[in-house]
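Breakdown of the fold
One letter stands for each residue in the lines below.
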Amino acid sequence: NYLLVGRYTDDANVGPYVPLFAAAGEPAQLDQTEAKFQLSFKGRVWTTDDRRWGVWLAYTQQNQWQVYNDNISRPFRETNYMPEAIVSYRPGVDLGGGFKSNLLNASFNHQSHGRTDALSRSWNRVYFGAGFERNEFGVQWRVHRRVDESRSDDDNPDLTNYIGRGEVIATWLPGLATAGLTWRTNLRALNRGSLQLDLTYPVDSDEPAGLRWYMQVFSGYGETLLDYNHRQTTIGLGLSLFQF
């Protein structure tokens, strides 16, 4: 959960809005600096007695808000909704060299932004993932397969060609700071996909699990569903709740 008070992009994606602004008789105008925030929660609804197997439900909502753009009444440019159901298993296997395997996941999730016509974007997918850790280092990888839709119902048939078919997430917790690097790719077009860097540090060093300063840097395709085929580099600064 985080709030980026300022998020700057080197290339604001006005393309999807051009027909709407043209119909209103106005040119497309978007600020390159906006606010971004994410709300997310996850809860376990079933587990075995040894807590190695579990079923979880989760929900994530991400918002891009043109809060500084009074020329167009400060609208929410994009809101993405993602509910999911997850089956999780904790292997608890020592892999040698200090590495442990403590996470296997299978999930179904739906992502959309609740829009219609020219702005409509949505998809469903199933994924499998695994996590490994060694002291303050952790690595997760996930591969996913999109659930096929009919041509008439598919809002974005080439989505996975841009955002990828899997991701690797590396995390590092050196003391009070945290760092995460996420690489999304389809391995077929290495000039697509994306990289995202997340850095945090506690506002109060006596409460490291509380509010934290947060910096997010993103480069590539698919920061939002509306931007799935739009390449950009963004940087945002704000606050987060500890999440690693």
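Refer to the structure presented above.
This is a predicted model, so every value here is computed, not measured.

**Some remarks on the overall build of the protein chain**
Counting its secondary structure elements, the protein chain contains 2 helices and 13 strands. Against the compact-globule benchmark of 18 Å for 244 residues, the protein chain has a radius of gyration of 19 Å, which places it among compact chains. Principal axes of the C-alpha set define a box for the protein chain whose edges measure 65 × 50 × 35 Å. For the protein chain, the proportion of its 244 residues judged to be buried stands at 39%. Summarising the internal contacts of the protein chain: among those between residues at least 6 apart in sequence, 53% fall at separations of at least 24. Carbon and sulfur atoms form 57% of the exposed surface of the protein chain, whose accessible area is close to 13200 Å². Here the protein chain carries 24 positive and 27 negative side-chain charges, and the mean point of each set is 6 Å from the other.

**Focus on the side chain of His144**
Here His144 lies in strand β8 (residues 137-146). Of the residues examined, His144 reaches a relative accessible area of 16% and is grouped as buried. Of the polar contacts made by the side chain of His144, one reaches the backbone oxygen of Gly164; its length is 3.1 Å.

**With respect to a nonpolar patch on the surface**
There is a patch of nonpolar side chains on the surface, built from Phe128, Val139, Trp141, Val143, Val168, Leu181, Trp183, Leu187, Leu190, Leu195 and Leu197 and spanning about 970 Å² of accessible area. Those elements giving two or more residues to the nonpolar patch turn out to be β8, β10 (178-185) and β11 (194-202). Among the elements that make up the nonpolar patch, the one with the highest residue count is β8 (3 residues). Relative to the elements of secondary structure, Val168 occurs in strand β9 (residues 166-172).

**Section: the side chain of Ser101**
Within the secondary structure, Ser101 is located in strand β6 (residues 99-112). Of the residues examined, Ser101 reaches a relative accessible area of 8% and is grouped as buried. When neighbours within four sequence positions are excluded, Ser101 is seen to be in contact with Pro91, Gly92, Val93, Leu95, Gly131 and Phe132.

Rules behind the numbers
- Chains are numbered independently. Their residues run from 1 in the order of the written sequence.
- Thresholds applied to this predicted model are a pLDDT of at least 70 for local features of residues and 80 or more for the giving and counting of side-chain atom pairs; totals over whole chains, interfaces and linings are not thresholded and use all residues.
- Side-chain descriptors were evaluated using all non-hydrogen atoms of the structure, hydrogens and water having been removed beforehand.
- Helix numbering and strand numbering both begin at the N terminus, where a helix is a DSSP run of H or I of at least 4 residues and a strand a DSSP run of E of at least 2.
- We compute the radius of gyration over the C-alpha atoms and compare it with the globule rule, which gives 2.2 Å times the number of residues raised to the power 0.38.
- Here's how the labels work: a residue is buried when its accessible area is under 20% of the maximum for its type, exposed when over 50%, partly exposed in between, all with a 1.4 Å probe on protein chains only.
- The criterion used for residue contact is that any of the two residues' heavy atoms lie within 4.5 Å.
- Residue-level accessible areas treat just the shown protein chains as cover; the underlying method is Shrake-Rupley with a 1.4 Å probe.
- Note that His is not counted, nor are the chain ends; the positive residues are Lys and Arg, and the negative ones are Asp and Glu.
- Each charge is placed at NZ for Lys, CZ for Arg, CG for Asp and CD for Glu.
- As used in this structure description, the phrase polar contact means that two N or O atoms lie within 3.5 Å; if the pair is within protein, one of them must be able to donate a hydrogen and the other to accept it, and residues adjacent in sequence are counted only when both atoms belong to side chains.
- Surface patches are defined over residues having more than 30% relative accessible area and no salt bridge, joining like charges when they lie within 9 Å and nonpolar side chains (Val, Leu, Ile, Met, Phe, Trp, Tyr) when within 5 Å.
- Salt-bridge detection follows one rule: a side-chain nitrogen of Lys or Arg within 4 Å of a carboxyl oxygen of Asp or Glu.

Geometry only, nothing functional implied.
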